[in-house]
Amino acid sequence: MFVHFFTMSTILLLTGPDAHSMAKAEFDLHPLDRQVIEQTNAQRAQLGLTPLTVDSGLVVTAREHAAWMTNSQTLVHTTLAVSENIAMGQQSAAEVVQAWMNSPGHRANILKPDHRRIGVAAYSTPDGTVYWCQQFLQ
């Protein structure tokens, strides 16, 4: 059993002004998720990179994977075709983003110019161990 930092949200479908617009799904992100995204984008901004936008599909898969890691208490990358940063044990958004920035592979994912979309999730075990998942796509 795991304790989650956020409640599962309801998807709000928004349509554009014309019939050819694609539907955009927006999630009610937990403040911790938003902090990770903001700090990730701050790292990108330092190098003049485009900020990442929240992708509803990546939020779903990041949540699923973070929940799985928390339930199994295993730190393993997903098999999905995404770029991914995972971590375990950090207690804040600042701490996890700093840990990723201190790791060459994780840093490369955060700073990859081709990445445009992001999804983030964090779950905690009953003993307080936090499992983090950050996923990226073009």
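Residues numbered from 1 in each chain as written. Predicted model: local features only at pLDDT ≥ 70, side-chain atom pairs only at ≥ 80, totals over all residues. Heavy atoms only, no water.

(A) Highlighting the packing of helix 1 (residues 31-45) against helix 3 (residues 93-101). Their axes nearest at 9 Å, the elements helix 1 and helix 3 cross at an angle of 40°. Compared by their axis directions, helix 1 and helix 3 come out oblique. As helix 1 runs across helix 3, the sense of the crossing is right-handed. Together, Leu32, Gln35, Val36, Gln39, Thr40 and Gln43 of helix 1 and Ala93, Ala94, Val96, Val97, Trp100 and Met101 of helix 3 make up the contact between the two elements. In terms of residue class, the contact of helix 1 with helix 3 is built from eight nonpolar, four polar and no charged. (Axes fitted to C-alpha atoms, helices over the stretch in contact; angles between N-to-C directions. Helix = DSSP H or I, 4+ residues; strand = E, 2+ residues; numbered from the N terminus. Parallel < 35°, antiparallel > 145°, perpendicular 65-115°, else oblique. Left-handed = near helix turned anticlockwise from the far one by under 90°. Contact = heavy atoms within 4.5 Å. Nonpolar A, V, L, I, M, F, W, Y, C, P; charged D, E, K, R; others polar.)

(B) Spotlight on the environment of Lys112. Examined against the element boundaries, Lys112 turns out to sit in the loop between helix 4 (104-111) and strand 6 (117-124). A relative accessible area of 33% places Lys112 in the partly exposed class. C-alpha separation for the pair Lys112 and Phe136, spaced 24 residues apart in sequence, amounts to 9.5 Å. (Buried < 20%, exposed > 50% of the residue type's maximum accessible area, 1.4 Å probe, protein only.)

(C) How the structure looks around helix 2 (residues 56-72). Its 17 residues give helix 2 an end-to-end C-alpha distance of 24 Å, which sits within 8% of 24 Å, the value for a rise of 1.5 Å per residue. Along helix 2, the residues that are buried comprise Ser56, Leu58, Val59, Thr61, Ala62, Arg63, His65, Ala66, Ala67, Met69 and Thr70. If you check the start of helix 2, you find a side-chain oxygen 2.9 Å away from the backbone N of Gly57, and it comes from Asp55. Phi turns positive, to about 50°, at Gln73, one or two residues after helix 2. (Expected span 1.5 Å × (residues − 1). Polar contact = N/O pair within 3.5 Å; in protein donor to acceptor, adjacent residues only side chain to side chain.)

(D) How the structure looks around the side chain of Thr78. Structurally, Thr78 is set in the loop between helix 2 and strand 5 (83-88). Note on Thr78: relative accessible area 19%, which makes it buried. Of the polar contacts made by the side chain of Thr78, one reaches the backbone nitrogen of Leu80; its length is 3.2 Å. In contact with Thr78, not counting residues within four places along its chain, are His65, Glu84 and Gln135.

(E) Local environment of the pairing of strand 5. Counting buried residues in strand 5 gives five out of six residues, a clear majority hidden from the surface. Alignment of strand 5 against strand 7 (residues 130-137), held across six bridges, turns out to be antiparallel. In the sheet register, Ala87 faces strand 7, and the bridge partner there is Trp132. (Pairing = 2+ DSSP bridges.)

(F) Structural detail: the environment of Ala108. Mapped onto the secondary structure, Ala108 falls in helix 4. The spacing of Ala108 and Ser83 is 25 residues in sequence and 9.9 Å in space, taken between C-alpha atoms.

(G) Expanded view of the pattern of salt bridges. Under the criterion given, the structure shown has one salt bridge. Here Arg117 ties to Asp55 by a salt bridge, and the two come within 2.9 Å at their closest N and O atoms. Residue Arg117 is found in strand 6, and its partner Asp55 is found in the loop between strand 4 (53-54) and helix 2; the two are separated by 62 residues along the sequence. Assessed through its relative accessible area of 29%, Arg117 is described here as partly exposed. The buried category is assigned to Asp55, whose relative accessible area is 15%. (Salt bridge = Lys/Arg side-chain N within 4 Å of Asp/Glu carboxyl O.)

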